[in-house]
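Okay, here's what each chain looks like letter by letter:
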Amino acid sequence: MELLSPRTLKLANWMALALLVIVGYLWQGPKFALGVLMWGLLVVFNFHWLHRNLKGLLEGPARSTEEGRGQAKAFFAARQMLRFLVTLVVLYLLLRQDWVNAIGLVVGLSTTVLTLMAVAVIEVIKLKKKEANPSHGTPHSIS
């Protein structure tokens, strides 16, 4: 399984969210864990939505005219604005109703960031191991 594939990143996002919710619940209680869960769900959902929108923009039918490309860009921008507005409304409702802990929301916000950082560290470790193993490089030694 390719570590940097969108499918793997999405799965890693869900696992990171589950871990953060469990740790948050054990550490600070249910209101904190709910904040982590709610914002984490929103972040993971936004990550999936952004991936789908970008995939549609990049893999969509080729637009031969400048007008067609402009319409595709405008549609993509409108979707991103909608995504942003949905995020703001959910955040406002969660904080306004005092259903969740604000610090829990910040922790939930870090779900995708933590996933991407973990993937980056794993990739660096894989590259270092590959450099250290002479059978994976070129047949000629650099030293």
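What counts, and where the lines are drawn
Residues take numbers from 1 onward in each chain, read along the sequence in its written order. In keeping with the predicted nature of the model, local features appear solely for residues at pLDDT of at least 70, side-chain atom pairs appear and are counted solely at 80 or more, and the whole-chain, interface and lining totals rest on all residues. Based on all heavy atoms of the structure, the side-chain values leave hydrogens and waters out of the count. Strands here mean DSSP runs of E at least two residues long; helices mean DSSP runs of H or I at least four residues long; both are numbered from the N terminus. Think of a polar contact as two N or O atoms within 3.5 Å of one another; within protein, one of them needs to be a possible hydrogen donor and the other a possible acceptor, and neighboring residues in sequence only count if both atoms come from side chains. Any two residues having at least one pair of non-hydrogen atoms within 4.5 Å are treated as being in contact. The term nonpolar core refers to a set of buried residues drawn from Ala, Val, Leu, Ile, Met, Phe, Trp, Tyr and Cys, joined through side-chain atoms within 4.5 Å. Relative accessibility decides the category of a residue: with a 1.4 Å probe and only protein chains considered, values under 20% of the type maximum give buried, values over 50% give exposed, and everything between is partly exposed. Starting at the helix axis, one direction is taken to each C-beta atom, and the arc is that of these directions. Any Lys or Arg side-chain nitrogen located within 4 Å of an Asp or Glu carboxyl oxygen qualifies as a salt bridge.

Caption draft 1: Just the side chain of threonine 87, in detail. Relative to the assigned elements, threonine 87 resides in helix α3 (residues 66-96). One polar contact links threonine 87 to asparagine 46, side chain to side chain, over a distance of 2.9 Å. Not counting residues within four places of it along the chain, the set of residues in contact with threonine 87 comprises Trp39, Leu42 and Asn46.

Caption draft 2: Structural detail: the environment of leucine 42. Looking at where leucine 42 falls in the secondary structure, it is placed in helix α2 (residues 30-59). Taking the C-alpha atoms as reference points, leucine 42 and valine 90, separated by 48 residues in sequence, lie 8.4 Å from one another.

Caption draft 3: How the structure looks around the nonpolar core. With seven residues, the main nonpolar core is built from Leu17, Leu20, Val21, Phe32, Ala33, Val36 and Val44. For this core, the secondary-structure elements that each account for two or more residues are α1 (6-28) and α2. Leaving out residues up to four positions away in the same chain, leucine 20 has contacts with Val36, Val107, Ser110, Thr111 and Leu114. With six residues, the next largest nonpolar core counts Val43, Leu94, Val100 and Leu105 among its residues.

Caption draft 4: Here's a closer look at the environment of valine 107. Take valine 107: it is sitting in helix α4 (residues 102-109). For valine 107, a relative accessible area of 23% corresponds to the partly exposed category. Taking the C-alpha atoms as reference, valine 107 lies 5.8 Å from valine 36; in sequence the two are 71 residues apart. Ignoring anything within four residues of it in the chain, the contact list for valine 107 reads Leu20, Phe32 and Val36.

Caption draft 5: Molecular detail of α4. What α4 keeps buried is the set Gly104, Leu105 and Gly108. Looking straight down α4, one finds its buried side chains confined to an arc of 105 degrees; they lie on one side. Counted as exposed and oriented over 90 degrees from the buried face of α4: Ile103 and Val106. Where α4 begins, the capping side chain belongs to asparagine 101, and its oxygen is found 2.7 Å from the backbone nitrogen of isoleucine 103.

Caption draft 6: Highlighting the pattern of salt bridges. With the rule as written, the count across this model stands at two salt bridges. Among the ionic pairs, aspartate 98 bridges to lysine 31, the shortest N-O distance being 3.3 Å. Remark: lysine 31 occurs in helix α2 and aspartate 98 occurs in the loop between α3 and α4; sequence separation between them is 67 residues. Take lysine 31: its relative accessible area is 37%, and that puts it in the partly exposed class. Residues glutamate 123 and lysine 126 are paired through a salt bridge, measuring 3.4 Å at the closest nitrogen-oxygen approach. Linking glutamate 123 with lysine 126, this pair stays in helix α5 (residues 111-132), spanning three residues, or about one helical turn. What makes glutamate 123 buried here is its relative accessible area of 19%. Taking the relative accessible area as the measure of exposure, lysine 126 reaches 44% and is therefore partly exposed.

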